Amino acid sequence: KGETYYVISTEEGIKDFALLSVCTHLGCVVPWDKAKNKFCCPCHGSQYDENGKVVRGPAPLSLALAHTTTLNGNLALFPWTEKDFRTETDPWWN
């Protein structure tokens, strides 16, 4: 069983983190809304900024993080165990 993460690319390259695509309210998949420049949950309206930080509820928490790295030319994700850089709190998803 795998989980779906968003890998974020910029003009400078891939960010060093990925975002779990699951809303922290009731588990709906949260797509990127290019027009709003946010991740917007279609189920109950929760919104997350470009780094996955919750900016509008009812979602109680930001999207879960994973680290990204390149191994042998392939993208790899691995667990985020340190403090959440968006909130300076311990990760709730561990």
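Structure report, in brief. These figures come from a predicted structure and were not determined experimentally.

Taken as a whole, this structure holds two salt bridges when the rule is applied. A salt bridge links Asp90 to Lys83, with the shortest nitrogen-to-oxygen separation between them at 3.3 Å. Since its relative accessible area comes to 56%, Asp90 is described here as exposed. Lys83 sits in the partly exposed class, given a relative accessible area of 44%.

A separate point is the packing of aromatic side chains. Under the criterion given, the structure shown has five aromatic pairs. Look at Phe17 and Phe85: their rings are 5.1 Å apart centre to centre, the planes differ by 55°, and that puts the pair in the tilted class. One end of the pair, Phe17, is in strand S2 (residues 13-20); the other, Phe85, is in the segment after strand S8 (74-79), with 68 residues separating them in the sequence. Overall, Phe17 belongs to the buried group, its relative accessible area being 5%. Each ring, one from Trp80 and one from Phe85, has its centre 5.7 Å from the other, and the planes form 50°; the classification is tilted. Of the residues examined, Trp80 reaches a relative accessible area of 6% and is grouped as buried. These aromatic residues form a ring-pair network of at least three members: Tyr6, Trp32 and Phe39. Its guanidinium or amino end placed over the ring of Phe85, Arg86 lies 5.9 Å from that ring's centre, counting from NZ or CZ.

Next up on the list: the sheet that holds strand S3 (residues 32-33). Taken in spatial order, the four strands line up as S3-S4-S5-S6 in an open sheet, and their pairing is antiparallel. Bordering the open sheet on either side are S3 and strand S6 (54-56), each of which pairs with just one other strand. Looking at chain direction, S3 and strand S4 (residues 38-40) are connected through two bridges and run antiparallel. Its bridge partner being in S4, Asp33 is matched across the sheet by Lys38.

Bringing the pairing of strand S1 (residues 5-10) into the picture now. Regular strands place side chains that alternate from one sheet face to the opposite one. The pairing of S1 with S2 spans five bridges and is antiparallel. Looking at the pairing, Val7 lines up with Ala18 of S2. The hairpin formed by S1 and S2 contains two residues between the paired strands.

Definitions and cut-offs
Residues numbered from 1 in each chain as written. Predicted model: local features only at pLDDT ≥ 70, side-chain atom pairs only at ≥ 80, totals over all residues. Heavy atoms only, no water. Salt bridge = Lys/Arg side-chain N within 4 Å of Asp/Glu carboxyl O. Buried < 20%, exposed > 50% of the residue type's maximum accessible area, 1.4 Å probe, protein only. Phe/Tyr/Trp six-rings, centres within 6.5 Å; stacked < 30°, edge-to-face > 60°. Helix = DSSP H or I, 4+ residues; strand = E, 2+ residues; numbered from the N terminus. Lys NZ or Arg CZ within 6 Å of the ring centre and 35° of its normal. Pairing = 2+ DSSP bridges.

Any functional reading would require information beyond the geometric quantities listed.
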